[in-house]
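# Summary of the model geometry
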Amino acid sequence: MVDLLHLADPVDEGELICSGKGCRAEAVWGLLWNNPKLHTPERRKVWLACDDHREHLETFLGARDFWKQTVPVADLERRPEL
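Residues numbered from 1 in each chain as written. Predicted model: local features only at pLDDT ≥ 70, side-chain atom pairs only at ≥ 80, totals over all residues. Heavy atoms only, no water.

Per an unreviewed UniProt entry, the chain goes by Acetone carboxylase and derives from Oerskovia douganii.

Take a look at the structure:
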């Protein structure tokens with residue numbers, strides 16, 4: 001798999017919260033995805049996941065052929081706080 005992590009959208013500085021519906025747990029995974037109808041092929045959007053929601057969110061994105069890669073949150077580029 002080609003590593004396009006450097007093309008992933010940066011995430012905010014500070015606490016990162018899981019993207020699972022209603023979840024307030026700290027995120028430990030970044031799920032990189034791309035909707036080919038909206039994004040250029042190399043673009044990577046990021047959803048955040050805790051351990052409990054990682055598989056569910058990967059399955060959701062995978063069923064739509066959007067999921068590309070899962071990486072530790074520590075590997076994601078951070079956007080400075082305003």
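### Observations concerning the overall build of the chain
Regarding its fold elements, the chain presents one helix and five strands. Across its three principal axes, the chain shows a C-alpha extent of roughly 30 × 30 × 20 Å. Relative to its full complement of 82 residues, the chain shows a buried share of 38%. At a minimum sequence separation of 6, the contacts of the chain that also span at least 24 residues come to 65%. A total of about 5500 Å² of accessible surface is found on the chain, and carbon and sulfur atoms cover 52% of it. (Helix = DSSP H or I, 4+ residues; strand = E, 2+ residues; numbered from the N terminus. Buried < 20%, exposed > 50% of the residue type's maximum accessible area, 1.4 Å probe, protein only. Contact = heavy atoms within 4.5 Å. Areas by Shrake-Rupley, 256 points an atom, 1.4 Å probe, with all protein chains shown as cover.)

### A short note on the pairing of strand E2 (residues 29–33)
Along E2, four of the five residues are buried, which leaves the element largely enclosed by surrounding structure. Bridging between E2 and strand E4 (residues 67–72) involves five bridges; their strand directions are antiparallel. Looking at the pairing, Leu-32 lines up with Gln-69 of E4. (Pairing = 2+ DSSP bridges.)

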